[in-house]
Amino acid sequence: MSVAGLAAAVCQTALVVVVAPFVVGLMRWVRARLEGRAGPPLTQPWRDIRKQMAKERIVPATASWVFTLAPLVLVATAVVATGIVPFLTTRSGLDEIGDLFALVYMLLLGTVFLALAGLDPGTAFGGMGSSREMTIAAVAEPTILVAIFALSVTAGSSNLSAIVTSTLDHPSTVASPETMLAFAALAVVTLAETGRLPVDNPSTHLELTMIHEAMILEYSGPDLALVELAAHMRLVVFLGLLSNLFVPWGIATTTHPLELLAAAGAVCAKIAVLGIVIATFEVFVAKVRLFRVPELLAASFVLAFLAVTASFYLA
Amino acid sequence: MSETLFVQLLDLAVGLVLVCAFVVLWRRGLGAIVHALTVQGVALAAVAFLLGVHEEHAELIGAAALVLVLKGVVLPRVLLRIIRDSDETREVEPFVNVTASLLAAAGLTLLAYATSRDVVALDPGPETSAIPIGIAVALIGFFVLATRRKAVTQIVGFLLLDNGIALVAFLATAGVPLIVELGVALDVLLAVFILQVLTTRMRAKFGVTDLNQLRELRD
């Protein structure tokens, strides 16, 4: 593990932390514009976080240590996840732990802690949100695993950087059925895991439909700021994963500072494009009924499953 | 056409045929199901066309054109007309729910791979390694026939079965002679017409095309 590699890993984590709220701001702005509203400025999520940070911490009387610990675990797992995913370079210092399974379980750890925190204060909404989140996570996590596994069969390794390098070496694999199926599966799961339409509506607090918002209803002040920041970062992790696994061009293959800078520009552009596409898509779809969500996720699991069978048998 | 490009395009077309079969299971709207079947027909024609170009086989290209006209244009129109004439636009409650049928179809795909391993091993190559997908599509067709209630989805299941068999025929034998292909195409067309008449009669008699209601004898 080289010093330059570690520096690159730190750079990419810092980049994601700074950029993530802007990506969310961009998506909200695009959606507002398409709906004919003026839309908040791109800095709004950052301003919200700053405002929350300055406020008082209020913990419900019935809450235990899980409630206090959950935002920290959520942010910590999100930070590690941003370090693992090859955003800037394929030769980052965290390359050795940049494994598919490590990433999926890191993200799942955060999800589980948030669900526990939703249950902890003993309110009705929190428990409902947690139960819904677990229903979704139970199908979504295996789908991520299987979808990326389809790519790792072609690359011969479950290391994320190795998968990206292999795609860079063999550009024609992008147009193969297994890659496309895996992309479709991962795209659906991204929407589910980051609480976007058609699975969850990020802009309402309607008690019948909310999932993510229901779990964090009891949080306030700095804790809420941390939870929100972690949610933004998870969104960017998924978008970065989608863009760099399937369209890796622009990523640096060394740890040279100039190349890293160019890669930062490229990855920001790719994530912005993906964010705009998702925001536009959200304008046109309605939220599906909660009972239909497992159907949607089962479909994406089947796509991921087909991707794996295709990569074994068609190749 | 270079060898790698041919393999890639063939894999894409074959993959599309399989995905369309899953879309048929996934969607509830009858219109969406017929559209998926249309795309599948076009993909099947593309498979035949690719094989024809690759092996410089004029008859296969003719068969591709036949498949394109029949399965990409004529049959979807007949099906859409049946749907338009009836008030039913959705497959309301299949015997096996959507999630379970998707997972069952994934199992059927594995079964197809497992059973056709020996066939593929006889002559490994890009064409033969896609044969299991044809078998999988045929099995999914059987599954649709067994678990869906509406007359239209029954016809769709029958056509899925036919598409699967046609795919295996194209991939395994580089196409049967055009005259046989023509005969099969006419048979399928005739079967769908008969089913259409049957559906219309059913609706005139009972008001619905739910096959579940045909279990009892009536006066």
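Residues numbered from 1 in each chain as written. Chains lettered and ligands numbered in written order. Predicted model: local features only at pLDDT ≥ 70, side-chain atom pairs only at ≥ 80, totals over all residues.

**Regarding the interface of chain B and chain A**
What counts here: By definition, residue pairs are in contact when their C-beta atoms, positioned from the backbone, come within 7 Å. To qualify as a helix, a DSSP run of H or I must reach at least 4 residues; to qualify as a strand, a run of E must reach at least 2; elements of each kind are numbered from the N terminus. In this classification, the charged set is Asp, Glu, Lys and Arg, the nonpolar set is Ala, Val, Leu, Ile, Met, Phe, Trp, Tyr, Cys and Pro, and all remaining amino acids, among them Gly, are polar.
Facing 18 residues of chain B, the contacting portion of chain A comprises 16 residues. Counting residues per element, the ones that place at least two in the side of chain B that touches chain A are helix H1 (3-26) and helix H4 (98-115) of chain B. With eight residues, the single largest contributor to the side of chain B that touches chain A is H1 of chain B. Residue composition of the side of chain B that touches chain A, by class: 11 nonpolar, six polar and one charged.

**Here we look at unusual backbone geometry**
All names here are of chain B. Using the following cut-off: Around each residue's C-beta, the other C-beta atoms within 10 Å are counted; 20 or more make the residue buried, 12 or fewer make it exposed, and counts in between make it partly exposed. All C-beta atoms are placed from the backbone.
The phi torsion at Glu56 lies on the positive side, around 50°, for a residue other than glycine. Inspection of the secondary structure puts Glu56 in the loop between helix H2 (30-54) and helix H3 (58-85). The exposure class of Glu56 is exposed, given the 8 C-beta atoms found within 10 Å.

**Focus on helix H4 (residues 100-119) of chain A**
Stated formally: Each residue after the first adds 1.5 Å to the expected span of a helix.
Here H4 of chain A spans 29 Å end to end across 20 residues, near enough to the 28 Å set by a 1.5 Å rise per residue. Those residues of H4 of chain A hidden inside the fold are in contact with helix H3 (65-84), helix H5 (124-155), helix H6 (160-169), helix H8 (212-215) and helix H9 (221-246) of chain A.

**Quick word on the nonpolar core**
Soluble globular proteins tend to pack their nonpolar side chains together in the buried interior. For the record, the criterion: Linking buried Ala, Val, Leu, Ile, Met, Phe, Trp, Tyr and Cys residues through C-beta atoms within 7 Å yields a set, and such a set is a nonpolar core.
Judged by nonpolar contacts, the single largest core of 160 residues is most densely connected at Ala304 and Ala307 of chain A together with Val47, Ala48 and Ile140 of chain B. Looking at this core element by element, the count peaks at 15 residues for H9 of chain A. The residues touching Ala304 of chain A, leaving out its near neighbours within four places in the chain, are Thr143, Val146, Ala147, Ala150, Ala182 and Ala185 of chain A.

**Here we look at the confidence of the model for chain B**
Residues and elements named next belong to chain B. Definition in use: Residue-level confidence of the predictor is what pLDDT reports, using numbers from 0 through 100.
For chain B, per-residue confidence averages 83 on the pLDDT scale, and 92% of positions sit at 70 or higher. Within chain B, helix H8 (residues 178-206) has the poorest average pLDDT of any element, 79, and helix H6 (residues 131-147) the best, 91. Scored as a complex, the prediction yields pTM 0.84 and ipTM 0.76.

**Quick notes on helix H7 (residues 177-193) of chain A**
All names here are of chain A. Compared with an ideal rise of 1.5 Å per residue, which puts 17 residues at 24 Å, H7 spans 24 Å between its outermost C-alpha atoms and is within 8% of the ideal. Of all 17 residues in H7, 14 are buried, a share of seventy percent or more. Gly195 occupies a position one or two residues after H7 and carries a positive phi of about 65°.

**Some thoughts on the packing of H3 of chain B against H8 of chain B**
Residue and element names in this part refer to chain B. Definition in use: In this analysis an axis means a line fitted to C-alpha atoms, helices contributing only their contacting stretch, and an angle means the value between N-to-C directions, from 0 to 180 degrees. Angle categories are assigned with fixed cut-offs, so that under 35 degrees is roughly parallel, over 145 is roughly antiparallel, 65 to 115 is roughly perpendicular, and the rest are oblique.
Running from amino to carboxyl end, H3 crosses H8 at an angle of 0°, the nearest separation of the two axes being 10 Å. Taken as axis vectors, H3 and H8 run roughly parallel relative to one another. Within the contact between the two elements, H3 uses Glu59, Gly62, Ala63, Leu66, Leu70, Val74, Leu75, Val78 and Ile82 and H8 uses Leu178, Glu181, Leu182, Ala185, Leu189, Val192, Gln196 and Thr199. In terms of residue class, the contact of H3 with H8 is made up of 12 nonpolar, three polar and two charged.

**So, the confidence of the model for chain A**
Overall, the prediction assigns chain A a mean pLDDT of 85, with 98% of residues at 70 or greater. Averaged pLDDT values for the elements of chain A fall to 82 in H8 of chain A and rise to 92 in helix H2 (residues 44-53) of chain A.

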